[in-house]
Amino acid sequence: MTASLSVSSTVARSAALPVPCGPISEAVIRCLAAGEPGKEVLLPTPTEVDSTSRDVQLALLICYELHYRGFESVSDAWEWDPDLLRLRATLEAAFLDYVRAHVEPGNDAAAEMEALSVEATSGSGPSWFLRDEGTWEQMREYFVHRSVYHLKEADPHAWAIPRLTGQAKASYVAVEFDEYGGGRGDRVHQHLWAESMVAADLDASYLGYVNRVPAQTLAWVNLMSLFGLHRGLRGATVGHLAATEITSSPGSQRYVQGLQRLKAPSACIAFYAEHVEADAVHEQVLRHDVVGNLLRDEPELEADVVFGMRALDFVENELAEHVMSRWSAGQSSLD
Ligand SMILES: [Fe+2]
Ligand SMILES: [Fe+2]
């Protein structure tokens, strides 16, 4: 069987409901598994929400996933169930407060993007470690974390499209068009990622590793869904995508170097090589055509754009610290 056949047979489906890991995710999963909404449901109304807990982040990811592919054997009607939406609102308000509490406010998007585009010459995160000394097993482990996002790459940002207008919208869609393969199904970045998972002998199914990743990985992906699904946070979504694209090219270059050092399969290298090139262009489009035009039209969104950039940095650092602290202790970064 070729890699692309295995990929298409695994990635097209919805995932099974995850395994619960605490009272909130347990209640959500029990509820979704019970059948159609509308019956009497017993969902918790948590008064204290710890956004660093895996239970909270998993419950949030499940609520968000109903807007993407849903879950196997779970009614699509749950997507707009008021009780579940009320619980989701409680969890995401706490998560947003938590992120805001850890991110300095800022009001100069151009300066922020300028600073992000200054290429670092050294660093202590996984991309640096995997470039220079990480093992193939650690690289594969990192793929597992990344898979929760890359198998839905571009989807969380796509929610912002109807909320943008004019040139900002046209340029934003031009970047998303590339992420979605420029009209070619076999070039969709989600698909390229699935191919690299298969090449690395990993499971390419959608959310295939959701039960193995820690709270930090779930939070990193949940942040994008939180921003994307709220019109009021469209500035943060644009900032998030801008920071993603600006920092992607040099980061991807480090992965290319690490993968070459480890003599990884060519599909793994191809995914990152594609991002070295494409994201150098996307960076320019985001900086000038998207953020520039958005803030010309809606200058009041500038603080949110900066927040989106800094929030991404915060959740990425949380994940990087988790991974590096586990690896330095000689342990796996997965649960
Ligand atoms: Fe991409
Ligand atoms: Fe990109």
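Since this is a predicted model, take the numbers as computed values, not measurements. (Residues numbered from 1 in each chain as written. Chains lettered and ligands numbered in written order. Predicted model: local features only at pLDDT ≥ 70, side-chain atom pairs only at ≥ 80, totals over all residues. Heavy atoms only, no water.)

**Student:** Any chance you could break down the overall build of the protein chain for me, citing the residues and the numbers?
**Tutor:** The secondary structure content of the protein chain amounts to 14 helices and zero strands. What you see in the protein chain, going N to C, is helices and strands ordered as α-α-α-α-α-α-α-α-α-α-α-α-α-α. A globule of 335 residues ought to have a C-alpha radius of gyration of about 20 Å, and the protein chain, at 19 Å, matches this closely. Overall size of the protein chain, expressed as C-alpha extent along the three principal axes, is 55 × 50 × 40 Å. Across the 335 residues in the protein chain, those meeting the buried criterion constitute 55%. Partitioning the intrachain contacts of the protein chain with sequence separation of at least 6 by distance along the chain shows that 80% fall at a separation of at least 24. For the protein chain, the distance from the average position of its 26 positive side-chain charges to the average position of its 48 negative side-chain charges is 3 Å. (Helix = DSSP H or I, 4+ residues; strand = E, 2+ residues; numbered from the N terminus. Rg over C-alpha atoms; globule rule 2.2 N^0.38 Å. Buried < 20%, exposed > 50% of the residue type's maximum accessible area, 1.4 Å probe, protein only. Contact = heavy atoms within 4.5 Å. Lys, Arg positive; Asp, Glu negative; His and termini not counted. Charge placed at Lys NZ, Arg CZ, Asp CG, Glu CD.)

**Student:** I'd like a rundown of the nonpolar core, residues and numbers included.
**Tutor:** The biggest cluster of nonpolar side chains holds 101 residues, and the ones touching the most others in it are Val99, Phe143, Phe227 and Leu259. Sorting elements by how many residues they give to this core places helix H14 (residues 302-328) first, with twelve residues. With sequence-adjacent residues up to four places away left out, phenylalanine 227 is seen in contact with Leu96, Leu233, Ala236, Thr237, His240, Phe307, Gly308 and Ala311. (Core = buried A, V, L, I, M, F, W, Y, C linked by side-chain atoms within 4.5 Å.)

**Student:** So what about the coordination of the iron ion (ligand 2)? Which residues, and what values?
**Tutor:** Ideal geometry at a metal centre: 109.5 degrees between donors when four sit tetrahedrally, and 90 or 180 degrees when six sit octahedrally. For the iron ion (ligand 2), the full set of protein donor atoms is Glu179 (OE), Glu245 (OE), Glu245 (OE), Asp279 (OD) and His282 (ND1), at a range of 2.0 to 2.5 Å. Between the iron ion (ligand 2) and the iron ion (ligand 1), a spacing of 4.2 Å is present, and a bridge between the two is formed by glutamate 179. Pair noted here: glutamate 245 is in helix H12 (residues 234-261) and aspartate 279 is in helix H13 (residues 266-297), with a separation of 34 residues, a long-range link. (Donors = N, O, S within 2.8 Å, 3.2 Å for Na, K, Ca; no water.)

**Student:** So, unusual backbone geometry: which residues are in play, and what are the values?
**Tutor:** The phi torsion at serine 73 lies on the positive side, around 60 degrees, for a residue other than glycine. Residue class for serine 73 comes out exposed when judged on its relative accessible area of 76%.

**Student:** Could you give an account of the coordination of the iron ion (ligand 1), naming the residues involved and the relevant values?
**Tutor:** Every protein donor of the iron ion (ligand 1) is accounted for by Glu153 (OE), Glu179 (OE), His189 (ND1) and His275 (NE2), and the metal-donor separations fall at 1.8 to 2.1 Å. Angles of 82 to 164 degrees at the metal separate the four donor atoms of the iron ion (ligand 1), which places the site in the irregular class. Along the chain, the residues donating to the iron ion (ligand 1) are arranged with the sequence spacing E-x25-E-x9-H-x85-H. (Tetrahedral: all angles 85-135°; square planar, octahedral: opposite > 155°, others 65-115°.)

**Student:** Describe the side chain of glutamate 112, naming the residues involved and giving the relevant values.
**Tutor:** Within the secondary structure layout, glutamate 112 lies in helix H5 (residues 109-117). According to the relative accessible area criterion, glutamate 112 is buried, its value standing at 15%. Discounting chain neighbours no more than four positions away, the residues touching glutamate 112 are Val306, Met309 and Arg310.

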